[in-house]
Number of protein chains: 2
Amino acid sequence: MNGDNKRNPLTQRERHAQMRRRQLIDTALRLFAERGLEKTTIKAIAEAAGVAQGLIYHYFPSKEALFFAVLDEHGFLPQLREILGAPHDRPVREVLAEIAVRYYTLLREKEAFLTVVMREALVNPGVQARLERLTREAVALLVRYLAARIAAGELRPHHPEVVALMLLSSVFMLHIGGMPVERVYDLVDVVLEGIVGQRAETR
Amino acid sequence: MNGDNKRNPLTQRERHAQMRRRQLIDTALRLFAERGLEKTTIKAIAEAAGVAQGLIYHYFPSKEALFFAVLDEHGFLPQLREILGAPHDRPVREVLAEIAVRYYTLLREKEAFLTVVMREALVNPGVQARLERLTREAVALLVRYLAARIAAGELRPHHPEVVALMLLSSVFMLHIGGMPVERVYDLVDVVLEGIVGQRAETR
DNA sequence: CCTACCGATCGGTAGG
DNA sequence: CCTACCGATCGGTAGG
């Protein structure tokens, strides 16, 4: 959406603009988390950020677009891309555990905003669609990773989409259920090794 | 909540009262699902059920109490009790698969009501508390079952609370994600056997 | 009916 | 020249 098609070294002006964009997003996150989407006015965000109301519309075409930008930047996708994007030869257990811990931590830290998002998604179809898109993208990233590990013979063949959904949804519920972070390691254990004894029982 | 402490053979009057109670709950479920909690009036429920408004208050002290009764009777707990309560020597895989399929089916069938409950839980702390209580009870039932299977040597030692949460939350997300029922069998596979090859990799 | 307030848009300007 | 930023103003609306 922004003109990132230039050479790497940004001018001071461009860097400043990026920081300003980020500042507006962070300010919006705080106010949205405190008051909800509808009760947070563009005016209030502008005041809290110390800028004119018009400037927000220079960066974002609408309040909804700003809300979506907050979702994109403060959701789990950036971190997931960071974890899976970097070339790695780390053991699967380590990677899945890092994903689980960081997702859990994110949910803890952004709890108030998360509540707002969830509530909004149940009422606002546009928000729901955006949230589903983000979830599908996160699942797709994980699926690509798992499929590669299967192809490499590190994991036995399975349905990676189901496993991706299991990992993310279980961490989510661990958070909702108020269980401690350490439980994510038990979770990863189950995903990796299951709960039956040394040998499979029926099948 | 109702006087079930008597002898087994109910009088015809008592049986009729039970049916009436059930009818009111079912009518309420339908209207709540269609219009939401707030927009559904006791008057409308009474009319739809063909009874006087006062009769509803004979069975339920408040609209909220009626809503909770719907949650109790149409939630997953009754089915879970039925599955796990009966004495069984069925393989774990079969039991977990039945739980997963029936939970998934319930979510599909009660989708409209489910949306109302979720939205209400985010707004109404009382509903949220009730929902958490129901979830904890379902998890507790599953935990008891898994712990018994561990004690019997059928399952290797693990953290049953985490597994219970994984199973239920994953089925829930399978439904939300619009994935077909058959995926619950992949899910049960992963819970039972994990995704690593014949032998555990690190650990 | 009125008015307070909303999100959105405007033209103007200063500085990189 | 470009664009980040400003103050002022718009039309629409919900609630008194």
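Residues numbered from 1 in each chain as written. Chains lettered and ligands numbered in written order. Predicted model: local features only at pLDDT ≥ 70, side-chain atom pairs only at ≥ 80, totals over all residues. Heavy atoms only, no water.

Under an unreviewed UniProt entry, the name given to chain A is TetR family transcriptional regulator, and the organism recorded is Calditerricola satsumensis.

Draft legend 1. A look at the overall build of chain A. Secondary structure summary: chain A contains 10 helices and zero strands in total. Its helices and strands taken in sequence order, chain A reads α-α-α-α-α-α-α-α-α-α from the N to the C terminus. Once the C-alpha set of chain A is aligned to its principal axes, its extents read approximately 65 × 40 × 30 Å. Scored against the burial criterion, the 203 residues of chain A give a buried share of 43%. Residue pairs at least 24 apart in sequence account for 65% of intrachain contacts in chain A once pairs closer than 6 positions are excluded. Taken as two groups, the 28 positive and 25 negative side-chain charges of chain A have centres that lie 5 Å from each other. (Helix = DSSP H or I, 4+ residues; strand = E, 2+ residues; numbered from the N terminus. Buried < 20%, exposed > 50% of the residue type's maximum accessible area, 1.4 Å probe, protein only. Contact = heavy atoms within 4.5 Å. Lys, Arg positive; Asp, Glu negative; His and termini not counted. Charge placed at Lys NZ, Arg CZ, Asp CG, Glu CD.)

Draft legend 2. Fine view of the protein's contact with DNA strand D. Residues and elements named next belong to chain A. Inspection of the region around DNA strand D gives Arg13, His16, Arg20, Gly50, Val51, Ala52, Gly54, Leu55, His58 and Tyr59 as its neighbouring residues. When atoms of DNA strand D within 4 Å of the protein are sorted by moiety, sugar and phosphate together comprise 72%. In the model, a phosphate oxygen of DNA strand D is placed 3.1 Å from a nitrogen or oxygen of the Arg20 side chain. Between DNA strand D and Tyr59, the relevant distance is 2.6 Å, taken from a phosphate oxygen to a side-chain nitrogen or oxygen of the residue. Among the secondary structure elements, those contributing two or more residues to the surface near DNA strand D are α1 (12–35) and α3 (53–59). The biggest single contributor to the surface near DNA strand D is α3, with four residues. (Near = heavy atom within 4 Å. Polar contact = N/O pair within 3.5 Å; in protein donor to acceptor, adjacent residues only side chain to side chain.)

Draft legend 3. Expanded view of the environment of B:Gln23. With respect to the helices and strands, the residue B:Gln23 is situated in helix α1 (residues 12–35). By relative accessible area, which is 28% here, B:Gln23 ends up partly exposed.

Draft legend 4. Spatial organisation of the protein's contact with DNA strand C. Residues and elements named next belong to chain A. Residues in close proximity to DNA strand C include Arg13, Thr40, Thr41, Ile42, Gln53, Gly54, Tyr57, Ser62 and Lys63, which together make up its full environment. Backbone sugar and phosphate groups make up 67% of those atoms of DNA strand C lying within 4 Å of the protein. Gln53 places a side-chain nitrogen or oxygen 3.4 Å from a base nitrogen of DNA strand C. Interatomic distance of 2.7 Å between a side-chain N/O atom of Tyr57 and a phosphate oxygen of DNA strand C. It is α3 that provides the largest number of residues to the surface near DNA strand C, a total of three residues. Here the surface near DNA strand C is built from residues that sort into two nonpolar, five polar and two charged. (Nonpolar A, V, L, I, M, F, W, Y, C, P; charged D, E, K, R; others polar.)

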